[in-house]
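Read off the chains here:
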Amino acid sequence: MAITIKYVVTHKGVEKLVTTDKKEADQFDKMLDTADNLAAFIEAKGIKLDDAVTEELSIMLAKNKDSVIKLLKGAQAETVLEKDAAEIVKLQANG
C-alpha cells in the first residue's frame, strides 16, 4: 500500500488546487492571496464590477504579475504579449 500526501488549496470554501507538490501549493496559495489583495484594492478605488468579474480579473493579474510589472515599468503591451506567447510555445514544445 502506498501513502500519498496531498495538499489542497481552498479559496473562499472552494477547492482550487489539489497537488502532491508542497511548493506548488504554497505558490498557488500566495497567488490567491495576491489576487484577494488586488480585488480589495480595485474595490477600494471605487471601481464597480460584478464579484465574479473582480475575482477573475484579480486572479489573472496575480497569475501574470511579472508581465504586469513590466507594463507598469513602461514596457509596450505588444512586446510583453509577444514574449508571453513565445514562452507558451516553448512550454508546449517541451510538454
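Position numbers for residues start from 1 in each chain and track the written sequence from start to end. With pLDDT at 70 or above as the cut-off, local features in this predicted model cover only qualifying residues; side-chain atom pairs require 80 or more to be listed or tallied, and sums for whole chains, interfaces and linings still use all residues. Heavy atoms throughout the structure, all of them, feed into the side-chain values; hydrogens and water do not.

**Brief notes about a nonpolar patch on the surface**
Excluding any residue in a salt bridge, patches collect residues exceeding 30% relative accessible area, merging like charges within 9 Å and nonpolar Val, Leu, Ile, Met, Phe, Trp and Tyr side chains within 5 Å. Here the Shrake-Rupley method, with its probe set to 1.4 Å, supplies the accessible areas, and only the displayed protein chains count as covering residues. The rule for a salt bridge is simple: a side-chain nitrogen of Lys or Arg has to be within 4 Å of a carboxyl oxygen of Asp or Glu. A contiguous nonpolar surface patch, about 380 Å² in accessible area, is contributed by Ile47, Leu49, Val53, Leu57 and Met60. Going along the chain from the N terminus, every DSSP run of H or I of four or more residues is numbered as a helix, and every run of E of two or more is numbered as a strand. Here Leu57 is to be found in helix H2 (residues 51-63).

**As for the side chain of Ser58**
Relative to the helices and strands, Ser58 is located in helix H2. Residues adjacent in sequence count toward polar contacts only when both atoms are side-chain atoms; beyond that, a polar contact is any pair of N or O atoms within 3.5 Å, and within protein one must be able to donate a hydrogen and the other to accept it. Only 3.3 Å separates the side chain of Ser58 from the backbone oxygen of Ala35, close enough to count as a polar contact. The contacts of Ser58, once residues within four sequence positions are left out, are Ala35, Leu38 and Ala39. Any two residues whose heavy atoms approach within 4.5 Å are treated as being in contact.

**Re the nonpolar core**
Listed in full, the eight residues of the largest apolar core are Val9, Leu17, Ala25, Met31, Leu32, Ala35, Ile59 and Ala62. Counting residues per element, the ones that place at least two in this core are helix H1 (22-44) and H2. The greatest single-element share of this core, amounting to four residues, is contributed by H1. Setting aside chain neighbours within four positions, we find Ile59 in contact with Met31, Leu32 and Ala35. In this text, buried Ala, Val, Leu, Ile, Met, Phe, Trp, Tyr and Cys residues form a nonpolar core when linked through side-chain atoms within 4.5 Å. Each residue is placed in one exposure class: buried if its accessible area under a 1.4 Å probe, protein chains only, is under 20% of its type's maximum, exposed if it is over 50%, and partly exposed if it falls in between.

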